Amino acid sequence: MIRPEPMESATYSQASRLQAAGLMPAITLLEQAAQQVPLPRSPQPIVIADYGAATGHNSLKPVAAAVDRLRRRTRDDHAIMVTHTDVPGNDFTTLFQTLADDPDSYLHQDPATFASAIGRSFYTQILPSNTVNLGWTSWAIQWLSRIPAGAPELADHVQVAYSKNMEARAAYTRQAATDWHDFLAFRGRELCPGGRLVVITMALDDHGEFGYRSMNDALVAALKDQVRDGLLNPDELRRMAIPVVARSEKDFLAPFAPRGWFEGLTIERLELFDAEDRFWSRFQSDGDAEAFGARWAAFARAALFPTLTTALHGGAKDPRAAEFIGQLEAAVAERLAGSPESMRIPLAALVLAKRM
């Protein structure tokens, strides 16, 4: 899975604060799922899987809510095992520091809850079959497993949703369909009968809108300025592509047609909605355009810049990498501060259930 490692825990935390805006509706769904799933008898532990955990910031409140709801249904000494998963290059050190030190960590609320982590892509099987009672994933499955084989370079944009290259867009769409199929198939194996998985991810709205337009426009303009100024060369810019694809309602439903089941799973709930742009809400309150631009630029730095850096001739270890990142963040911040506007953030929340 091509998911970037966080560059710094501070900037990744900034990204997580924005992403948390879409979590509350999904946390409610997770609490409901925790109330419904069948529970194993002690001493077999109740297993919660967190798919795509990153540094754990977006996992704390959802998992804490799930643990609280599960604990109401079972004895205080019935063990709950939380397994956080992500790609091998993930910053697992920061993940465990977050779990140990953050006051919102579920480890502080329940002494019979235990944490572990697995470094493996969720486009493969991660956990033994029929072992997961409750699953959670947020802001993760929009990252493709790879750049589509044979896809042409985007050339005109770093985000395929805003590229005019229809061949490239079709290739990315096919890869997204394959990845969604694989993600579902392996979760269908891992979930226990009656188990549930709650998904929060980027989506296309009813009009096919990807969102984040002004941020993406600012990013591309800043990259072109770097080519003009000689920091980047045109070949490096042409190679830059962010392998993120938002899916439509039709895309989410496709593997389940025509019977409504796929690999033992069914969609119990699917909701598309726009999350709050918390940075815009803050701007409306304080009127600080520079802070607005800086917050969105920090989000882009944490979420997107690591992927862009791999296109440098020397990759992330290129001698220009620090200058490239610093200039890009400053330029994006300046452009967004010069013309602040609310960002569209289309999301999807799904609840998947495994057949009994």
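In this text, all values refer to a predicted model and were calculated from it rather than measured experimentally.

Draft legend 1. Main features of the environment of Arg 189. Mapped onto the elements, Arg 189 comes out in helix α5 (residues 166-190). Look past the residues within four positions of Arg 189 in its chain and what remains in contact with it is Gln 125, Ser 129, Asn 130 and Lys 354.

Draft legend 2. Representation of unusual backbone geometry in the model. The step from Ser 42 to Pro 43 runs through a cis peptide bond, and the omega angle for that step is 15°. Inspection of the secondary structure assignment puts Pro 43 in the loop between α2 (23-36) and β1 (46-51). For the peptide bond that leads from Ala 257 to Pro 258, omega is 0°, which places it in the cis range. Inspection of the secondary structure puts Pro 258 in the loop between α8 (249-253) and β6 (265-274). The backbone phi angle of Ala 54 is positive, close to 55°, even though this residue is not glycine. Along the polypeptide, Ala 54 turns up in the loop between β1 and α3 (60-71). Accessibility expressed as a relative area gives 4% for Ala 54, which makes it buried. With a phi angle near 65°, Ala 155 is a residue other than glycine that sits in the positive phi range.

Draft legend 3. View of the sheet that holds strand β3 (residues 113-119). The mixed open sheet is built from seven strands, whose spatial order is β3-β2-β1-β4-β5-β7-β6. Looking at strand neighbours, the two that pair on one side only are β3 and β6, the edges of this open sheet. Ignoring strand direction, the axes of neighbouring strands in this sheet form an average angle of 15°. Here strand β4 (residues 132-138) pairs with strand β5 (residues 191-202) via six bridges, running parallel. Bridge pairing links Leu 134 to Arg 196 in β5. The sheet strands contacting α2 are β4, β5, β6 and β7 (346-354), and the helix crosses β4 at an angle near 175°. Where α5 meets the sheet, it contacts β1, β4, β5, β6 and β7, and its direction lies at approximately 150° from that of β5.

Draft legend 4. Structural context of the pairing of β7. Across the nine residues of β7, nine count as buried, placing the element largely inside the fold. Alternating positions in β7 separate into two faces, Pro 346, Ala 348, Leu 350, Leu 352 and Lys 354 on one and Leu 347, Ala 349, Val 351 and Ala 353 on the other, with burial throughout. With seven bridges joining them, β5 and β7 adopt antiparallel strand pairing. When the bridges of β7 are listed, Arg 196 appears paired with Ala 353. Inspection of the sheet shows β6 paired to β7 by nine bridges, in the antiparallel sense. Bridged to Glu 271 within β7 is Ala 349.

Draft legend 5. Fine view of helix α6 (residues 213-229). Its 17 residues place the ends of α6 24 Å apart at the C-alpha level, agreeing with the 24 Å of an ideal helix rising 1.5 Å per residue. Restricting attention to buried positions, one finds in α6 the residues Ser 214, Met 215, Asn 216, Ala 218, Leu 219, Val 220, Ala 222, Leu 223 and Gln 226. The inward-facing, buried residues of α6 abut α7 (234-239), α10 (289-303), α11 (305-309) and α12 (321-338). Taken from the residues just after α6, Gly 230 is the one with a positive phi, measuring 90°.

Draft legend 6. Spotlight on the pattern of salt bridges. By the definition in use, this model includes 17 salt bridges. The salt bridge partner of Asp 110 is Arg 71, with a shortest N-O separation of 2.8 Å. With Asp 110 in the loop between α4 (92-101) and β3 and Arg 71 in helix α3, this pair connects stretches of sequence that are 39 residues apart. The exposure classification of Asp 110 matches that of Arg 71, with both residues buried. Salt bridges linked by common partners bring Asp 225, Arg 228, Asp 229 and Arg 335 together as one network.

Draft legend 7. Broad picture of the side chain of Ser 145. Turning to its location among the elements, Ser 145 is positioned in the loop between β4 and α5. Within the local environment of Ser 145, its side chain forms a polar contact with the side chain of Gln 175, the two groups lying 3.2 Å apart. For Ser 145, the side chain forms a polar contact with the side chain of Asp 179, separated by 2.8 Å.

Draft legend 8. Inspection of the packing of α6 against α12 at higher detail. Direction vectors running N to C along α6 and α12 enclose 130°, while the axes themselves pass 9 Å from each other. Between α6 and α12, the angle is such that the two are oblique. Considering how the two elements wind past one another, α6 and α12 form a crossing that is right-handed. Contacts between α6 and α12 involve Ser 214, Met 215, Ala 218, Leu 219, Ala 221, Ala 222, Leu 223, Asp 225 and Gln 226 from the former and Phe 324, Gln 327, Leu 328, Ala 331, Val 332, Arg 335 and Leu 336 from the latter. Here the residues of the contact of α6 with α12 are counted per class, giving 11 nonpolar, three polar and two charged.

Procedures and definitions
As a convention, each chain's residues are numbered from 1 in the sequence order in which they are written. Per-residue local features are limited, in this predicted model, to residues with pLDDT of at least 70; the limit for side-chain atom pairs, both in listing and counting, is 80 or more; totals at the level of whole chains, interfaces and linings are taken over all residues. Side-chain metrics rest on all non-hydrogen atoms present in the structure, leaving aside hydrogens and water. A run of H or I in DSSP becomes a helix once it reaches four residues, and a run of E becomes a strand once it reaches two; helices and strands are each numbered from the N terminus. Any two residues whose heavy atoms approach within 4.5 Å at even a single point are treated as in contact. The cut-offs for exposure are 20% and 50% of the maximum accessible area for each residue type, with area from a 1.4 Å probe on protein chains only; residues under the lower value are buried, those over the upper are exposed, and the others partly exposed. Strands pair, by our definition, only if DSSP identifies at least two bridges between them. All axes here are fitted lines through C-alpha atoms, helices being fitted over the stretch that makes contact, and every angle between N-to-C directions spans 0 to 180 degrees. Expected helix span is computed as 1.5 Å times (number of residues minus one). Just to be clear on terms, a salt bridge is a Lys or Arg side-chain nitrogen sitting within 4 Å of an Asp or Glu carboxyl oxygen. We define a polar contact as two N or O atoms separated by no more than 3.5 Å, with the added condition that, inside protein, one atom must be a possible hydrogen donor and the other a possible acceptor, whereas residues neighbouring each other in sequence contribute only through side-chain atom pairs. Throughout this description, any angle smaller than 35 degrees is read as roughly parallel, any larger than 145 degrees as roughly antiparallel, any in the 65 to 115 degree range as roughly perpendicular, and the remainder as oblique. Two helices crossing with the near one rotated counterclockwise from the far one by less than a right angle form a left-handed crossing, whereas a clockwise rotation gives a right-handed crossing. Three classes are used, and their members are as follows: Ala, Val, Leu, Ile, Met, Phe, Trp, Tyr, Cys and Pro are nonpolar, Asp, Glu, Lys and Arg are charged, and the others, Gly among them, are polar.

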